[in-house]
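Tertiary structure, described
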Amino acid sequence: MIPDESSVHAVLAVNETFVVYVDPGESLSQLAARHGVTLEQLQQWNGIENPDYVQAGQRIVVHEAAVPPGPDGEAVVWGAWMGGAIFLVILVLLYRRKRGANTRTARTRNALSNGTSNRYRPKTAPDSQAARAPKTKSSDRKDQVAQAWTLHTRNALRSGPLYRSGPKPAPGLWASPAPKANAGERKVKSVLSRSYPEWPLLNEVLLRSGGGTAQIDHILVSPSGVFVIETKDMSGWVFGSPGQRRWTQTFMAGRQSRRVGIKSKRYTFYNPLRQNEGHAKALVELGVVDPWQIRPVAVFVGGAELKTAEKFVPIDEHEKIARRSRTWRMRGVVCMSLAECHRYIAFSIRAASSPRLTRERMEAIRAEIAGAAVPATAESHARHVEFARSAKEASQ
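**Brief notes about the overall build of the protein chain**
When you go through the protein chain residue by residue, the secondary structure sums to 14 helices and 11 strands. Out of the 396 residues in the protein chain, the part that is buried amounts to 30%. Sequence-distant contacts, at least 24 apart, represent 64% of the contacts inside the protein chain between residues at least 6 apart. Surface summary for the protein chain: the accessible area is close to 25600 Å², and the carbon and sulfur share equals 56%.

Right, here's the structure in full:
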């Protein structure tokens, strides 16, 4: 059955319509699939009651812009409601899980603070024994913590590569590297190694001296003698004299200190010339070099300014005195910068009173000092600090 012209024009008013013809052997369902419509739509548009009864060449009307049937409205609303309900259930479960974790954490914290947790509470003696036991003082508790930490550090070092490699330390001692040099000592070491690459240089040398040890920052073996260099990384103003036991460092206080009325800070430190004289004597005790071959130098890095420079003998006068008394050179000179240290080394090379050491002798001195040096470990450094502290207390 073919629709009349009125119905076709009515359809054309809403959708685009075209006419097709059934090919031989083609069914109505195949025709619907070819044009993207449903079989029911073709039946409705063309008034076909039996879809199996179509003939070849039969005229079929197809509405191309017809909207395919969408999902049911009630099904869409139901699906949306179910999705929202599932999302709400997930949020509730996550909230309850987080709240339970916070509750367990708070319960555990309270149990630990009250001592009611069997899992985390340490085992103690019965109440009767605990009542009779003496209470531990705070100092004793600190000592116990320090001993426990020392034991932990020792075990960690023994399990590391520093303890496994190399010779085993003596019983009761544990091997570890010595503390690293400060920034000033590293700077002086770098400058000396670059400026005098052909001269032997030793750094952080620990020598036995006077029942203890003496730590020398740098030893530079040159053709004009052995420079024993003591490095001081300081800033501000420095007050002192060659014979004074302790010198003073003064510099401006920080912002917080100035707010409370403190304009400057003052610190005292041991005379570096006296300190370096002890280092030179340690080399003499080894029998490596003679006293007149040693040139002690105290060099300041960090921008410090010596405010009592008039109390010190100039370098040329110092050398004239050294000609008359060779032991005077053991006291050494003070250089307030690395540039002054370079000038003093250059002056010593030109000085007629300086020794003339061959390259073989320079290398032999370096080998003898390196062979007599104490291995640099944390234990040897601790013993040196303890010896220096005891010597300081004895001198006061």
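Read on for the rest.
**Focus on unusual backbone geometry**
Most of the time, phi is negative for any residue but glycine, and the peptide bond is trans. Not every positive phi belongs to a glycine, and E204 is a case in point at roughly 50°. By the secondary structure assignment, E204 is in strand β3 (residues 201-209). According to the relative accessible area criterion, E204 is partly exposed, its value standing at 28%.

**Concerning a nonpolar patch on the surface**
Judged by side-chain polarity, W81, M82, I86, F87, I90, L91 and L94 come together as a nonpolar surface patch covering roughly 730 Å² of accessible area. Residue position: F87 is located in helix α4 (residues 73-114). Among the residues examined, F87 registers a relative accessible area of 53% and is labelled exposed.

**Observations concerning the confidence of the model for the protein chain**
Chain-level statistics for the protein chain give a pLDDT mean of 75 and a share of 68% at 70 or above. Under a pLDDT of 50 for its full length, residues 1-15 has, in the predicted model, 13 contacts with residues more than four places off or in other chains. This model gives residues 65-70 a pLDDT under 50, and the stretch forms 6 contacts once residues within four places in sequence are excluded.

**Notes on the sheet that holds strand β4 (residues 212-222)**
Taking strand neighbours across the sheet as the criterion, the 5 strands line up as β3-β4-β5-β9-β11 in an open arrangement whose pairing is mixed. The sheet is open, and its two borders are formed by β3 and β11 (333-335), each paired with just one other strand. The sheet shows a mean angle of 35° between the axes of neighbouring strands, taken without regard to direction. For strand β9 (residues 294-301) and β11, the ladder comprises 3 bridges, and the chain directions are parallel. In the strand pairing of β11, A298 is matched with V334.

**Regarding the nonpolar core**
One broad rule of soluble globular proteins: the nonpolar side chains tend to lie buried together. In terms of nonpolar packing, the biggest core is built from 34 residues, with I219, L283, V297, I365 and I369 touching the most fellow members. Not counting chain neighbours up to four residues away, the residues in contact with I365 comprise V221, V226, V288, V289 and L357.

**Quick look at the sheet that holds strand β7 (residues 246-252)**
Pairing in this open sheet of 4 strands is mixed, and the strands run β8-β7-β6-β10 from one edge to the other. Here the strands that pair on one side only, and so sit at the sheet edges, are β8 (264-270) and β10 (305-306). Where strand β6 (residues 237-239) lies against β7, 3 bridges are found, and the strand directions are antiparallel. Looking across to β7, one finds that W237 is bridged to T250. Strands in contact with helix α10 (residues 272-286) are β7 and β8; relative to β8, the strand with the most contacts, it is inclined by about 25°.

**Points about the environment of S29**
Mapped onto the elements, S29 comes out in helix α2 (residues 28-35). As a C-alpha pair, S29 and L42 span 13 residues in sequence and 8.8 Å in three-dimensional space.

**A closer look at the state of the cysteines**
Throughout the structure, instances matching the rule amount to 0 disulfides. Among the cysteines around C341, which has no disulfide bond, C335 carries the closest sulfur, lying 5.1 Å off. We classify C341 as buried; its relative accessible area is 3%.

**Focus: the pairing of β7**
Count of turn residues in the β6/β7 antiparallel hairpin: 6 residues. Across 7 bridges, β7 lies against β8 in antiparallel orientation. Bridge pairing links T248 to T268 in β8.

**Some details on the packing of α2 against helix α3 (residues 39-46)**
Two elements in contact, α2 and α3, have axes whose closest approach is 8 Å; the angle formed by their N-to-C orientations is 105°. Taken as axis vectors, α2 and α3 run roughly perpendicular relative to one another. Here L28, S29, L31 and A32 of α2 lie close against α3, whose contacting residues are L39, L42 and Q43. Taken together, the residues that form the contact of α2 with α3 break down as 5 nonpolar, 2 polar and no charged.

**Looking at helix α8 (residues 183-195)**
Look at α8: 18 Å from first C-alpha to last across 13 residues, which is about the 18 Å you get at 1.5 Å a residue. Where α8 is concerned, the buried positions are G184, E185, V188, V191 and L192. The buried residues of α8 all sit within an arc of 130° when viewed along its axis, so they share a single face. Where α8 is buried, its residues contact β3, β4, β5 (225-233), β9 and α12 (338-350). The N-capping residue of α8, defined by a side-chain oxygen 3.3 Å from the backbone nitrogen of G184, is N182.

Reading the values: the criteria
- Residues numbered from 1 in each chain as written.
- Predicted model: local features only at pLDDT ≥ 70, side-chain atom pairs only at ≥ 80, totals over all residues.
- Heavy atoms only, no water.
- Helix = DSSP H or I, 4+ residues; strand = E, 2+ residues; numbered from the N terminus.
- Buried < 20%, exposed > 50% of the residue type's maximum accessible area, 1.4 Å probe, protein only.
- Contact = heavy atoms within 4.5 Å.
- Areas by Shrake-Rupley, 256 points an atom, 1.4 Å probe, with all protein chains shown as cover.
- Patch = residues over 30% accessible without salt bridge, like charges linked within 9 Å, V, L, I, M, F, W, Y side chains within 5 Å.
- Salt bridge = Lys/Arg side-chain N within 4 Å of Asp/Glu carboxyl O.
- pLDDT = per-residue confidence, 0-100.
- Pairing = 2+ DSSP bridges.
- Axes fitted to C-alpha atoms, helices over the stretch in contact; angles between N-to-C directions.
- Core = buried A, V, L, I, M, F, W, Y, C linked by side-chain atoms within 4.5 Å.
- Disulfide = S-S within 2.5 Å.
- Parallel < 35°, antiparallel > 145°, perpendicular 65-115°, else oblique.
- Nonpolar A, V, L, I, M, F, W, Y, C, P; charged D, E, K, R; others polar.
- Expected span 1.5 Å × (residues − 1).
- Arc of directions from axis to C-beta.
- Polar contact = N/O pair within 3.5 Å; in protein donor to acceptor, adjacent residues only side chain to side chain.

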